[in-house]
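Spelled out, the chains give:
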There are 2 protein chains.
Amino acid sequence: MRLTPSARLRPTPFQKAVNAAGITDVTIYNQMMLPVSYGDPEAEYKRLTESVAIWDVAAERQVEVRGPDADICVQYLTARDLSKMKYGQGKYVAMCDHEGRILNDPILLKLSDRYWFSIADSNMLLWVKAIAAEKGFDVTVREPDVSPLAVQGPRAEDLIVDLFGPHISSLKYFWFVETELNGIPLVLCRSGWSKQGGFELFLRDGKRGEELWNLVMEAGEVYGIGPGAPNGAERIESGLLSWGGDTTPDSNPFEAGMGRYVDVDIEPDFIGKAALQRILTEGGPSRLFTGLLIEAGDEPDGSTPWPMSERTPVWVEGEQVGTMSSVVYSPKLQQLVAVGQIRTGLVESEAMVEIETPTGRRAARCRALPLA
Amino acid sequence: MRLTPSARLRPTPFQKAVNAAGITDVTIYNQMMLPVSYGDPEAEYKRLTESVAIWDVAAERQVEVRGPDADICVQYLTARDLSKMKYGQGKYVAMCDHEGRILNDPILLKLSDRYWFSIADSNMLLWVKAIAAEKGFDVTVREPDVSPLAVQGPRAEDLIVDLFGPHISSLKYFWFVETELNGIPLVLCRSGWSKQGGFELFLRDGKRGEELWNLVMEAGEVYGIGPGAPNGAERIESGLLSWGGDTTPDSNPFEAGMGRYVDVDIEPDFIGKAALQRILTEGGPSRLFTGLLIEAGDEPDGSTPWPMSERTPVWVEGEQVGTMSSVVYSPKLQQLVAVGQIRTGLVESEAMVEIETPTGRRAARCRALPLA
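The paragraphs below set out a description of the structure included in this document. (Residues numbered from 1 in each chain as written. Chains lettered and ligands numbered in written order. Predicted model: local features only at pLDDT ≥ 70, side-chain atom pairs only at ≥ 80, totals over all residues. Heavy atoms only, no water.)

With that settled, consider the overall build of chain A. In terms of helices and strands, chain A carries 8 helices and 22 strands. In terms of overall size, chain A behaves like a compact globule, its C-alpha atoms giving a radius of gyration of 21 Å where 372 residues would be expected to give roughly 21 Å. Expressed as lengths along the three principal axes of its C-alpha atoms, the size of chain A is roughly 60 × 50 × 40 Å. Out of the 372 residues belonging to chain A, those deemed buried represent 60%. Carbon and sulfur atoms form 49% of the exposed surface of chain A, whose accessible area is close to 14600 Å². On chain A, the mean spot of the 37 positive side-chain charges and the mean spot of the 52 negative ones are 3 Å from each other. (Helix = DSSP H or I, 4+ residues; strand = E, 2+ residues; numbered from the N terminus. Rg over C-alpha atoms; globule rule 2.2 N^0.38 Å. Buried < 20%, exposed > 50% of the residue type's maximum accessible area, 1.4 Å probe, protein only. Areas by Shrake-Rupley, 256 points an atom, 1.4 Å probe, with all protein chains shown as cover. Lys, Arg positive; Asp, Glu negative; His and termini not counted. Charge placed at Lys NZ, Arg CZ, Asp CG, Glu CD.)

We now examine the interface of chain B and chain A. Tallying the contact residues gives 48 residues for chain B and 48 residues for chain A. Looking at the side of chain B facing chain A, the largest losses of area belong to Met1(B), Arg8(B) and Glu134(B), adding up to 20% of the total buried there. In this assembly, chain B and chain A are joined by 6 salt bridges. The partner of Lys129(B) in a salt bridge is Asp97(A), with the nearest N and O atoms 2.6 Å apart. Across the chain B-chain A interface, the total number found is 24 residue pairs in polar contact (both at pLDDT 80 or more). At the level of elements, β1 (2–3), β2 (25–29), β3 (32–37) and α4 (124–135) of chain B are the ones that each hand at least two residues to the side of chain B that touches chain A. (Contact = heavy atoms within 4.5 Å. Buried area = accessible area lost by both parts, 1.4 Å probe. Salt bridge = Lys/Arg side-chain N within 4 Å of Asp/Glu carboxyl O. Polar contact = N/O pair within 3.5 Å; in protein donor to acceptor, adjacent residues only side chain to side chain.)

Residues and elements named next belong to chain B. Strand order in the open sheet made by the 5 strands is β6-β9-β10-β5-β11, with antiparallel pairing throughout. Each edge of the open sheet is held by one strand with a lone partner, namely β6 (90–92) and β11 (140–142). Averaged over all pairs of adjacent strands, the angle between strand axes in this sheet comes to 15°, irrespective of strand direction. Strand direction decides the pairing type here: β6 and strand β9 (residues 107–110), joined by 3 bridges, are antiparallel. Its bridge partner being in β9, Gly90 is matched across the sheet by Leu109. (Pairing = 2+ DSSP bridges. Axes fitted to C-alpha atoms, helices over the stretch in contact; angles between N-to-C directions.)

What follows concerns helix α4 (residues 124–135) of chain A. Residue and element names in this part refer to chain A. With 12 residues, α4 ought to run about 16 Å at 1.5 Å a step, and its terminal C-alpha atoms sit 16 Å apart, in line with that. Of all 12 residues that make up α4, 9 are buried, and the element is covered over most of its length. Burial in α4 covers these residues: Met124, Leu126, Trp127, Val128, Lys129, Ala130, Ile131, Ala132 and Glu134. One or two residues past the end of α4 sits Gly136, with phi positive at roughly 75°. (Expected span 1.5 Å × (residues − 1).)

This paragraph deals with the pattern of salt bridges. Taken as a whole, this structure holds 46 salt bridges over all chains when the rule is applied. Close ionic contact of Arg142(B) with Glu64(B) constitutes a salt bridge, the shortest N to O distance being 2.8 Å. Here the residue Arg142(B) occupies a position in strand β11, and Glu64(B) occupies one in strand β5 (residues 62–66), the gap between them amounting to 78 residues. Between Arg66(B) and Asp113(B) there is a salt bridge, with the nearest N and O atoms lying 3.2 Å from each other. Of the two residues, Arg66(B) sits in strand β5 while Asp113(B) sits in the loop between β9 and β10 (114–118), which places them 47 residues apart along the sequence. Owing to a relative accessible area of 39%, Asp113(B) belongs among the partly exposed residues under this scheme. Put simply, Glu64(A), Arg66(A), Asp113(A), Arg114(A) and Arg142(A) are held in one network by salt bridges that share partners.

Here we take up the pairing of strand β20 (residues 335–343) of chain A. In regular strands, side chains alternate between the two faces of the sheet. Residues and elements named next belong to chain A. Across the 9 residues that make up β20, a large majority, 7, are buried. Note that strand β17 (residues 287–294) and β20 share 7 bridges and pair antiparallel. Note on β20: the bridge partner recorded for Phe289 is Gln341. Summarising the sheet, strand β19 (residues 319–330) and β20 pair through 8 bridges and their orientation is antiparallel. Bridge assignment links Val327 to a residue of β20, and that residue is Ala338. Linking two consecutive strands that pair antiparallel, namely β19 and β20, is a turn of 4 residues; a positive phi of about 55° is found at Gln334 within it.

Residue and element names in this part refer to chain B. Counting buried residues along strand β12 (residues 147–152), 6 of its 6 residues qualify, which places the element largely inside the surrounding structure. The alternating pattern of β12 places Ser147, Leu149 and Val151 on one face and Pro148, Ala150 and Gln152 on the opposite face, and all of these are buried. Here 4 bridges tie strand β4 (residues 53–56) to β12, and the two strands are oriented antiparallel to one another. Following the sheet pairing, Ile54 is matched in β12 by Val151. Bridge count between β12 and strand β15 (residues 198–203): 6 bridges; the pairing is antiparallel. Residue pairing across strands places Ala150 opposite Glu200, the latter belonging to β15.

Residues and elements named next belong to chain A. One open sheet holds the 6 strands; their spatial order is β13-β14-β15-β12-β4-β16, and the pairing between them is mixed. Each having just a single partner strand, β13 (176–181) and β16 (226–228) make up the two edges of the open sheet. Strand-to-strand twist of the sheet, defined as the mean angle between neighbouring strand axes without regard to direction, takes the value 30°.

Judged by nonpolar contacts, the single largest core of 161 residues is most densely connected at Leu212(A) and Leu212(B). Non-local contacts of Leu212(A), meaning those with residues more than four positions away in its chain, are made with Phe14(A), Leu149(A), Leu181(A), Ile184(A), Leu186(A), Leu201(A) and Leu203(A). Residues Val63(A), Val139(A), Ala70(B) and Trp127(B) belong to the second largest nonpolar core, which totals 55 residues. (Core = buried A, V, L, I, M, F, W, Y, C linked by side-chain atoms within 4.5 Å.)

Note on the copies: chain B fits chain A at an RMSD of 0.0 Å, the axial shift is 0.0 Å, and the rotation between them is 180°. Taken together, the turn and the small shift mark the pair as related by a two-fold rotation axis. With an isologous cut-off of 70% or more, the 100% of interface residues of chain B that recur at the interface of chain A puts this contact in the isologous class. (Least-squares fit on C-alpha atoms with pLDDT ≥ 70 in both.)

With the rule as written, the count across this model stands at 10 aromatic pairs over all chains. Judged by centre distance (6.0 Å) and plane angle (70°), the ring pair of Tyr76(A) and Phe137(A) falls under edge-to-face. Here Tyr76(A), found in helix α3 (residues 70–76), pairs with Phe137(A), found in the loop between α4 and β11 (140–142); they are 61 residues apart in sequence, far enough to count as distant. Across this residue pair, the class does not change: Tyr76(A) and Phe137(A) are buried. A centroid spacing of 4.4 Å and a plane angle of 20° characterise the contact between Tyr173(B) and Phe174(B), whose relative ring orientation is stacked. A residue is classified by how much of its surface remains accessible, and Tyr173(B), at 44% relative accessible area, is partly exposed. Classification of Phe174(B) as buried rests on a relative accessible area of 14%. Residue placement shows Lys135(A) over the ring face of Tyr76(A); its charged tip is 4.3 Å from the ring centre. (Phe/Tyr/Trp six-rings, centres within 6.5 Å; stacked < 30°, edge-to-face > 60°. Lys NZ or Arg CZ within 6 Å of the ring centre and 35° of its normal.)

On to the side chain of Arg235(A). Tracing the chain through its elements places Arg235(A) in helix α7 (residues 232–237). Here Ser326(A) takes part through its side chain, which lies 2.9 Å from a polar atom of the side chain of Arg235(A).

Any functional reading would require information beyond the geometric quantities listed.
Now the structure itself:
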């Protein structure tokens, strides 16, 4: 279906470059365009896993918190111990509601004088503004003019070193520097929604998006750079969660595989702390995320997934045991794979289940993420 | 551009019927599909203004507030006096942040034991949950399984009377009844995002969407019913606001033409009250919404608007005096029209301004909404 342009759905600072690069398929994420494909999924996967791809991920918007109470406000919003967090560091965090349900799974960046929650697809600006105002925290909360551009793939580091210098190689995962390129103000972070290695360039001046895109493309030419987007196949192979796609509105972080990033025993209170403690004392999550290896069916070549516009049931012997959210052909495993949210016990034992397809039920095996 | 299906972007309970009716163009609204066109805009406009159209507006999600503190919680969230609101009544309200900026402009429905904010495109569930929890209100906040289906147009009332009985004719604007059709639980409200007259059937069982659609289509056949969607031309002719499209993140309700629905002098506190009082004591809004009548240009037939994916500047003698958000061909006025947010003074005097088009600047005249 065609997506109708609207001022309500915001273009990105890289939109002109993205259009010129031949964008064909998009999604909407945080009320902003997010590229999905430039029309050649195989080439895009290959580029990401073998050389380097440039992604417009401006739709990962930032919620900025600054002011005298920023530290306590951000900790109150986050189900993870931030007491040792340093300037220049990013952390993958769960933001929960008062019942311990995940509202978003951002990367939190600690800048010199402010924090950014670099968010998944839910309007956390409203949540953070409401909490900060009602708690009386002395902070300013806003969405700044900051738009990430990702370079991902095994040659991404070479490219970034060419652009910014060899010192960048020592940057640890999720750490960042405040820098610039040709005077374009940036935050450069070793991060990105793939496991192929890479960086995100957080553009701090929305008027210079096309210029930044072009600088990166020129420098990347020797590495075979080309346009791409967060890749459904690679991210399931690598076990990366899609908040809102894989999660349901009632998912908690333990179910979503975020348990190791949740610190329920820290001293300062945070939203959802009591509820998360209760889940653990009552035996932990009753569902878990898992990969699903789907047995070959009647597709002509076994490689064509069906479109999924909603989560579908997963069955064992006629009883529903969970849901499936995303299905894609894995080039590495050469079979259809998916993400499931399945009853505890079945996941750990890598049980066989049945999934729904447009041509009937089909067998699949639970397999721990990452898949490849 | 093609929109990629995703479990993150939810289908509606009417999706199968909408697909069968030949949907061609969609938008995303509250992370849900919202139809835009079935491929024949002229027929869709004619149907809406001359007979009756059926609209899947499930993407108008509800934020439900119920519990002992529901009255005080809902008043605290709303910049309008609700003290005399009765069961069965709906009210158009502004929900503001603590600085008086509009976060959403829902219809608020007062049911027997709960309220629904029937929201525009911003995730007010997060806002309301945060406020209720931090204020300690004894309420439950959730998004219920409730999806509006609209029938709009001059024959909508005949159709609704055929389906529900003649007593429906006495229903006042924005009032509703809790009822059913063939056992399908509904709230039936005289409302809808057009000025052609009509009703919204709030479906309370998401499994029965296709059945409800088909019942309405069958009953509407004698009136020439057909599929449609909120109509860009009709809504600008009629002066209906698109929150997030026409408004900017810093718009206040006075700028957005909602001043007559704002009660800053009521006794109970509500969010934004002090800020809104301050705006009034400091002379009122500095910008106002206005219609724009665009002078004919070099389009082949004068009736083809250009796509607008962002707000564009509006000028007077080289100085920017506001922005333009939506442009569309008005069948009634037989010219291009748009919505602008323009400096106070120019609007009231119906000044001439200059707008941006892909082929250069062009003259337009401010004209109070509604335009026709």
